[in-house]
Amino acid sequence: MNKTSILDRIESPDDLRKLKPELLPDLARELRERILQVVHQCDGHLASSLGAIELNIALQYVFNTPEDQIVWDMGYQAYSHKLMTGRRDQFHTLRTYKGISGFSNPAESEYDLFNTGHGGACVSLGLGLAAARDAAGKKHEVISIIGDAAMGAGMAFEALNHAGHLNKNFILVLNDNTWSIAKSVGALSKYLTRVMSSSHYNKVRDEVGGLLKKLPRDYGDMAIAVGKKLEESMKGLLGPGMLFEELGFRYFGPIDGHNLPDLIRTFEKISKLEGPRLLHVITKKGKGYAPAENAPERFHKPGPFVLGTGEPAPAQTSGVGYTKYFTKRLLELGEKDKRIVTVCAAMPLGTGTDEFARRYPERFFDAGLAEQHAVAFAGGLAKGGYIPVVAIYSSFVQRAFDQIFHDVALQNSHVVLCLDRASLVGEDGPTHHGLFDISFTRCLPRTTLMSPRDGRELEEMLEFAAYKVEGPVVIRYPREDVPDPPVFEKGRTPIELGKAELLCRGEEIALVAFGNGNDLALEVFKTLEEEGHKPTLVNARFAKPVDEALMWELAQSHSVMVTFEEGVLDGGFGSAVMESIETSSVANGEGPRAKICRIGIPNKFYEHGDRQSLLEETGLTPAQALAKIRACLTGVQPGV
């Protein structure tokens, strides 16, 4: 193969390290071109990856990976890392089923140490690697790269504090582009902005260092002592990195994160030092692609777009997502009631709270990449007499489980938690699939757990949660488009706490669905009707409290009872139904007549891929569900 490009000659970082430094800017240009060629078609993360290219090149150029260990905080910044670590020829499969992941993934490469999709963890992970290295008597470097937004997460501060205490040889790179997904918020972000504008400290330190080098050798000891005292004084007076120095890190920077000679020179310099070191680099989100530079939030994960203009590609679907319905009713409630306030964690656009922020800025709070703080903060708002609506993706709210338990449920605070992306989320993969929220919220006392069957019901549930329920309320809804047209529109009944919606009364087979499990249940219902059955169809609405009376009646009047959910089966909605039936069975002194068949997702992690492929892998297609139901009816397992 005639490899004419620089990138095509790189099979591993060893090849990169053989390149002459003057070729590296051309490599950066080729990496940008390759990333744009793939991402503009595949709905990947773009702006952050474009901004980290020179940083990736410098890291691989200076450090001896994989022996030296690099930990990326958010794996979607590492597309160029993938291209330089043996995955160049597979890069066109990015985020496709059975293709390479959009995040760091140890199953792909020895250069990826962790699955990293939630911000703020890399300092802890890197420090743990450094401690393990020292315990094993090894000498390699450990380098973690964290974004300025993730630096505001509580976990990152905890790790910084511990790192200064342990005093391990450890390099932390602060990749500062002043953005998380939306614009970075908070006092730390303002502090880093001041740091970016302050060059006095480094200039004075360099000048003093040059002066001391010129002193006669006989004055060496005195020069060293004077130098240390001057440096300590400058930290207090001028030091932009004073915060990190006080935490025990030797601070360097800020430097231009797109200047390859400076990056390489600085990494070479700090690699010769010991102890915790922090390099502060300034990068531009979307670097090298004008549309992304001008609109970094939209190009964080832009979806397919026209490469020449940056305009969105023609939509593949004309459907409306659940988030749009959430936004519509949230705005209506906010207009009528000034007690309605909204909290998100760095994702106003993704969660649909951005318009609320524009209309009612005094009642909107973006907590940054700090889900724990966002939930506890909402608990305080609730105790202060407001009705906080907290919008966070299902997989991200996992990080705030203790706050949901301790600061909301235990206090019986009326906080409405709206969990978007609560289902399989396709190409984002295991760090983002929202499959566990039913299990980990259903176990908490005083907590109400709801999920709608369509967009209109989501609107009704949001208003119901705000005014008709005490204590914490969780509403989960998926990423997918809302069913159109809505089914059983004429038979709608008002929402009542803990009451299911009976959509169709039948016999023999009862289909009971929670949330978007209704989509699958409806397909099964139609096929069973075509086959001559007369099934019952129920929209559960609640997983806590379950409609115990109806579940018991169905279990006694049908031969088979089937539950549907798009979440893990262990501790999920089907488990709630079985527990309810067991309680009724004990109370009534007899067992249920029906066999119980639970259809949901087995308790394992699932990789990325298109939704249809993932539904087949998890057993959530109509054909697979019908096979399970027929096995319950006949007692013969599929394939026997």
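Residues numbered from 1 in each chain as written. Predicted model: local features only at pLDDT ≥ 70, side-chain atom pairs only at ≥ 80, totals over all residues. Heavy atoms only, no water.

J.: Before we go on, may I ask you to explain the overall build of the protein in this structure?
T.: Within the protein, the regular secondary structure consists of 26 helices and 17 strands. Within the span of the protein, comprising 640 residues, buried residues form 57% of the whole. Residue pairs at least 24 apart in sequence account for 76% of intrachain contacts in the protein once pairs closer than 6 positions are excluded. Just so you have it, the protein exposes about 26,700 Å², and 53% of that area is on carbon and sulfur atoms. (Helix = DSSP H or I, 4+ residues; strand = E, 2+ residues; numbered from the N terminus. Buried < 20%, exposed > 50% of the residue type's maximum accessible area, 1.4 Å probe, protein only. Contact = heavy atoms within 4.5 Å. Areas by Shrake-Rupley, 256 points an atom, 1.4 Å probe, with all protein chains shown as cover.)

J.: Please clarify how helix 14 (residues 322-336) should be interpreted in this entry.
T.: Since one α-helical turn is 3.6 residues long, residues separated by three or four positions face the same way. Between the first and last C-alpha of helix 14 there are 22 Å, a value that for 15 residues agrees with the 21 Å anticipated at 1.5 Å per step. Considered for burial, the residues of helix 14 that qualify are Tyr322, Thr323, Phe326, Thr327, Arg329, Leu330, Leu331, Leu333 and Gly334. (Expected span 1.5 Å × (residues − 1).)

J.: Would you mind going over the pairing of strand 16 (residues 558-568) with me for this structure?
T.: For a regular strand, side chains alternate in direction, first toward one face of the sheet and then toward the other. Counting buried positions over the 11 residues of strand 16 gives 10, a clear majority of the element. Where strand 13 (residues 508-513) lies against strand 16, six bridges are found, and the strand directions are parallel. Counted as the bridge partner of leucine 511 is valine 562 from strand 16. Where strand 16 and strand 17 (residues 595-601) come together, six bridges link them in parallel fashion. Within strand 17, the position partnered with valine 560 by the bridge is lysine 595. Between the parallel elements strand 16 and strand 17, the chain passes through helix 24 (residues 573-588) in a crossover that is right-handed. (Pairing = 2+ DSSP bridges. Right-handed = clockwise from strand over helix to strand, strands pointing away.)

J.: I would appreciate a short explanation of the environment of phenylalanine 440 in the present structure.
T.: On the secondary structure map, phenylalanine 440 appears in helix 20 (residues 437-442). On the basis of relative accessible area, phenylalanine 440 is assigned to the buried category, the value being 14%. Between the C-alpha atoms of phenylalanine 440 and phenylalanine 405, which are 35 residues apart in sequence, the distance is 9.9 Å. Non-local contacts of phenylalanine 440, meaning those with residues more than four positions away in its chain, are made with Ser394, Val397, Gln398 and Phe401.

J.: Whenever I open this one, empty space enclosed by the protein confuses me. Can you help?
T.: To find leftover empty space, a probe the size of one water molecule is rolled over the atoms. Enumeration according to the criterion identifies five cavities of 30 Å³ or more in this entry. Lining the largest cavity we find Ile70, Val71, Trp72, His81, Ser104, Tyr111, Asp112, Leu113, Phe114 and Thr116. With three residues, the top contributor of residues to the lining of the largest cavity is strand 1 (residues 69-72). Here the second largest cavity is characterised by a volume of approximately 50 Å³. In terms of residue class, the lining of the second largest cavity is made up of four nonpolar, four polar and two charged. (1 Å grid on protein atoms, 1.4 Å probe; cavity = no way out; pocket = protein on both sides within 12 Å on 5 of 7 lines; lining within 4 Å. Points joined across faces, edges and corners; volume = space filled by probe spheres on them. Nonpolar A, V, L, I, M, F, W, Y, C, P; charged D, E, K, R; others polar.)

J.: What's the story with the sheet that holds strand 5 (residues 276-282) in this structure? I'm lost.
T.: Read from one edge of the open sheet, five strands run 1-2-3-5-4, paired in parallel fashion. The strands lining the two open edges of the sheet, one partner per strand, are strand 1 and strand 4 (250-256). Mean inter-strand twist for the sheet, computed between neighbouring axes without regard to direction, equals 20°. (Axes fitted to C-alpha atoms, helices over the stretch in contact; angles between N-to-C directions.)

J.: When you look at the pattern of salt bridges in this model, what are you seeing that I'm missing?
T.: Between side chains of opposite charge, a pair can form as their charged atoms come close. In total, this model carries 46 salt bridges according to the counting rule given. Of the charged contacts, one joins aspartate 43 and arginine 479 as a salt bridge, the two residues approaching to 3.4 Å between their closest N and O atoms. Taken as a pair, aspartate 43 in the loop between helix 2 (24-42) and helix 3 (47-51) and arginine 479 in the loop between strand 11 (473-476) and strand 12 (501-504) lie far apart in primary sequence, 436 residues in all. Accessibility expressed as a relative area gives 26% for arginine 479, which makes it partly exposed. A salt bridge links aspartate 420 to arginine 421, with the nearest nitrogen and oxygen atoms 3.2 Å apart. On the basis of relative accessible area, aspartate 420 is assigned to the buried category, the value being 1%. Beyond isolated ion pairs, a larger network of salt bridges with shared partners links Arg453, Asp454, Arg456, Glu457, Glu460, Glu489, Arg492, Glu501 and Arg541. (Salt bridge = Lys/Arg side-chain N within 4 Å of Asp/Glu carboxyl O.)

J.: Quick question: what am I supposed to make of the side chain of threonine 621 here?
T.: Along the chain, the position of threonine 621 falls in the loop between helix 25 (611-618) and helix 26 (622-634). The class of threonine 621 is buried, set by a relative accessible area of 10%. Among residues more than four places away in sequence, those in contact with threonine 621 are Leu520, Gln612, Leu615 and Glu616.

J.: When you look at unusual backbone geometry in this model, what are you seeing that I'm missing?
T.: Trans peptide bonds make up most of the peptide bonds, and negative phi angles are found at most residues other than glycine. Look at the link from threonine 65 to proline 66: it is a cis peptide, with omega at 5°. Along the polypeptide, proline 66 turns up in the loop between helix 4 (53-62) and strand 1. Look at arginine 541: it is not a glycine, yet its phi comes out positive at around 65°. Mapped onto the elements, arginine 541 comes out in the loop between strand 14 (536-539) and strand 15 (542-544). According to the relative accessible area criterion, arginine 541 is buried, its value standing at 1%.

J.: When you look at the side chain of threonine 441 in this model, what are you seeing that I'm missing?
T.: With respect to the helices and strands, the residue threonine 441 is situated in helix 20. By relative accessible area, which is 1% here, threonine 441 ends up buried. Of the polar contacts made by the side chain of threonine 441, one reaches the backbone oxygen of aspartate 437; its length is 2.6 Å. (Polar contact = N/O pair within 3.5 Å; in protein donor to acceptor, adjacent residues only side chain to side chain.)

J.: Explain the packing of helix 17 (residues 371-383) against helix 19 (residues 401-409) to me, please; I cannot follow it from the model alone.
T.: Two elements in contact, helix 17 and helix 19, have axes whose closest approach is 9 Å; the angle formed by their N-to-C orientations is 10°. In terms of orientation, helix 17 lies roughly parallel with respect to helix 19. Taken together, the residues of helix 19 that come into contact with helix 17 (itself represented by Gln372, Val375, Ala376 and Gly379) are Gln403, Ile404, Asp407 and Val408. Across the contact of helix 17 with helix 19, the residue classes tally to four nonpolar, three polar and one charged. (Parallel < 35°, antiparallel > 145°, perpendicular 65-115°, else oblique.)

J.: Please explain the sheet that holds strand 11 as it appears in this structure.
T.: The strands making up a sheet are joined through hydrogen bonds of the backbone, oriented either antiparallel or parallel. If you walk across this open sheet you meet the seven strands as 7-6-8-9-11-10-15, and the pairing is mixed. Unpaired on one side and paired on the other, strand 7 (364-366) and strand 15 mark the two borders of the sheet. Neighbour-to-neighbour, the strand axes of the sheet open up by a mean angle of 20°, direction not taken into account. Contacts between helix 17 and the sheet are confined to strand 6 (340-344), strand 7, strand 8 (387-393) and strand 9 (416-420), with strand 8 contributing the most and set at about 165° to the helix.

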